[in-house]
Structures are given as structure tokens and as C-alpha cells.
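# Structure at a glance
Each chain is listed here by its residues.
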Amino acid sequence: MAIKPNDGETFLREVDDELRRERLNQTVSRYGWWIVAGMVLVLAAIGGIFWYRSYQRDQAEARGESLLNALDSLESGNRNSATAQIDALAESGSPGYRAAALFARANAQVAANNVNGAVATLTAIAADETLEEPYRHAALVRQTQLEFDRLQPTQVVQRLSSLARPGQPFFGAAGEMVGVAQLRMNRPDLAGQLFARIGRDETVPPSIRTRAIQMAGSLGVNALPEPQVPPVPVQTGAPPAPRPPAAAPGGNAVQPAPSASQGNAQ
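What you see is a predicted model; the values in this text were computed from it and never measured.

### Digging into the overall build of the protein chain
Counting its secondary structure elements, the protein chain contains 10 helices and zero strands. In the protein chain, the order of α-helices and β-strands from amino to carboxyl end is α-α-α-α-α-α-α-α-α-α. Counting only residues that meet the buried cut, the protein chain has 25% of its 266 residues in that class. Carbon and sulfur atoms make up 57% of the accessible area of the protein chain, which amounts to about 19,100 Å² in all.

So, in C-alpha cells, the structure goes:
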């Protein structure tokens, strides 16, 4: 009996499906354990990622709580308790908490009249390139404030000149010290202009701006913003037509008096 075309197509599909099942069985029998092991590893990696993120979050919360406790201990005068917590945070693998702990250590050293120790701590922060730039700049400004009186003016200018510029986060504090150093270098012209720029910069803290305006004024430089003069309106269009001469009591029009040039011409 002849096979119908439709029956032939059905037969070929069945053969093709059987071949695919056979290949799949061979693949599973040969690589099945490897496939299962790979899936287990993928699931374990995903689980490990979630666990590590949770662990990091818990560690960050613990460090934050420890830092707050250390600051509270410093405020209450219990430096011994605060020192242990600060030392632990200073060795932390988190750059942000490590920087915060080192700044707290420097403040505690200043409170204990250990200025040299505070300068050493701040110097270490400023030189630590693993910390973000704002932390290092803040440490450099604070370090210079602590040892300003024993530095040469040229050292202050050289150290802070890159920060004493408009747009820098510490423009006010750094610029104020650079301006005083320039006065000590007998450069009132440079100091006056710098104080004026500080006084006009609205991003600078008000207390520093007030001092800068006073210093600039004493040096003959106006640091106050210039008053805004409204623009003069400009008239457009043709000028208004001249009014006709008024009539005299007798009905005759009053002629305008001749100008000096007309009289001379006559």
C-alpha cells in the first residue's frame, strides 16, 4: 500500500523527534553531572552575593553605631572609652569610617592639648591616597590651621594655593589663610583682591565672608557686590509731531521767536 504524502511527513517528524530525544539522552548521560554541578555553583554564587551584601550592610551599621558611641564618649569627656572604639575604626577596611575615625582622633588630641599629635594624624589623612579627595583636602586645611603660626607665609601659600580658588569646597577657609600669609609677605594688593573674591562668593560660610569683606575694605578694595542699575528704556518709532502755535487774542497765530542762528542769518 502506498504511503500518502501526509503520512510521509508525519513519519519524518517522528523520526526527527526520536533522533532529538536520543541525542538529548546521550548528552544528559555524558554531561548530566556537569550540568547539575554548574547549576549548583550558579545558585551558590547568587546566594553568596546576597549574603555578602547583607554582611556588608550589617558591618556598616555596626561601624556607624560604634562611631556615634565614640563621639558621644568624647563629648562626655570619657576619652579612654572613645579611644578604643576610634582605634578599631581607624583600622577599618571602609575608607569613609576610617577617615571619620581619624578626624575624631585628631579632635580628641586637640582637646587634650596634644597639637603635635593632631597634626601628625591630619598629615596621615592628607597623604592617604586611598581616601577620597575631599577628606584629604579637609585634613590639609585643618592641619594648616593648627600649625599656621609656626609656618612661613610662603609655606602656607604653597600648601593651600590650589584650594584658595573660587569653586573649591574649602575656598573660604583656605583663601583666608592665604590672604593673611600674603599680608605677611607685604603683598596687600594680592591679599585685598583675594579677600574681595571671598566676600563676593555666596558659597562661602557667612562668618568667613564677613571677615573677608572687612579685610578687603581695610585694604581699600570694595568686596560688596555692585548695585544693579536698571537699563534705560530706549524709545523706538518716529518722534512726536510738533504742536501747532497757539492763537493770539486777536485771532492771529503767535509765531515762534527766531533762534539766534536765524537772527544772524537775517
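### A look at the nonpolar core
Proteins that are soluble and globular tend to have nonpolar side chains buried together. Among the nonpolar cores identified, the biggest contains 25 residues, and Val141, Val156, Leu160 and Ile198 are the most heavily contacted of them. Within the residue set of this core, elements represented by two or more residues are helix H5 (133-146), helix H6 (153-160), helix H7 (171-184), helix H8 (188-200) and helix H9 (206-218). Looking at this core, the element that brings in the most residues is H7, giving six residues. Apart from the residues lying within four places of it in its own chain, the contact partners of Leu160 are Leu140, Val141, Thr144, Ala174, Met177 and Val178. Counting residues in each nonpolar core, the second largest holds 13 residues, with Ala90, Ala99, Ala101 and Leu102 among its members.

### Observations regarding the packing of helix H3 (residues 95-111) against helix H4 (residues 115-127)
Their axes nearest at 7 Å, the elements H3 and H4 cross at an angle of 165 degrees. One element, H3, and the other, H4, form an angle in the roughly antiparallel class. Judged by the sense of rotation from one axis to the other, the crossing of H3 with H4 is left-handed. Of H4, the residues touching H3 (which contributes Leu102, Phe103, Arg105, Ala106, Gln109 and Val110) are Val115, Gly117, Ala118, Thr121, Leu122 and Ile125. Per-class residue counts for the contact of H3 with H4 are eight nonpolar, three polar and one charged.

### Quick word on the confidence of the model for the protein chain
When pLDDT is averaged along the protein chain, the result is 77, and 60% of the positions lie at 70 or above. In this model residues 259-266 is a low-confidence stretch, pLDDT under 50, and it forms zero contacts with partners more than four residues away in sequence or in other chains.

### Some remarks on the environment of Arg197
Structurally, Arg197 can be placed in helix H8. Expressed as a C-alpha distance, the spacing of Arg197 and Leu224, which sit 27 residues apart in the sequence, is 9.6 Å. Dropping the residues within four chain positions of it, Arg197 is found in contact with Pro166 and Phe171.

### Comments concerning the pattern of salt bridges
The final tally for this structure, using the stated rule, is four salt bridges. Across the salt bridge formed by Asp189 and Arg187, the nearest N and O atoms sit 3.0 Å from each other. Classification of Arg187 as partly exposed rests on a relative accessible area of 35%.

Quick notes on the rules
Residues numbered from 1 in each chain as written. Predicted model: local features only at pLDDT ≥ 70, side-chain atom pairs only at ≥ 80, totals over all residues. Heavy atoms only, no water. Helix = DSSP H or I, 4+ residues; strand = E, 2+ residues; numbered from the N terminus. Buried < 20%, exposed > 50% of the residue type's maximum accessible area, 1.4 Å probe, protein only. Areas by Shrake-Rupley, 256 points an atom, 1.4 Å probe, with all protein chains shown as cover. Core = buried A, V, L, I, M, F, W, Y, C linked by side-chain atoms within 4.5 Å. Contact = heavy atoms within 4.5 Å. Axes fitted to C-alpha atoms, helices over the stretch in contact; angles between N-to-C directions. Parallel < 35°, antiparallel > 145°, perpendicular 65-115°, else oblique. Left-handed = near helix turned anticlockwise from the far one by under 90°. Nonpolar A, V, L, I, M, F, W, Y, C, P; charged D, E, K, R; others polar. pLDDT = per-residue confidence, 0-100. Salt bridge = Lys/Arg side-chain N within 4 Å of Asp/Glu carboxyl O.

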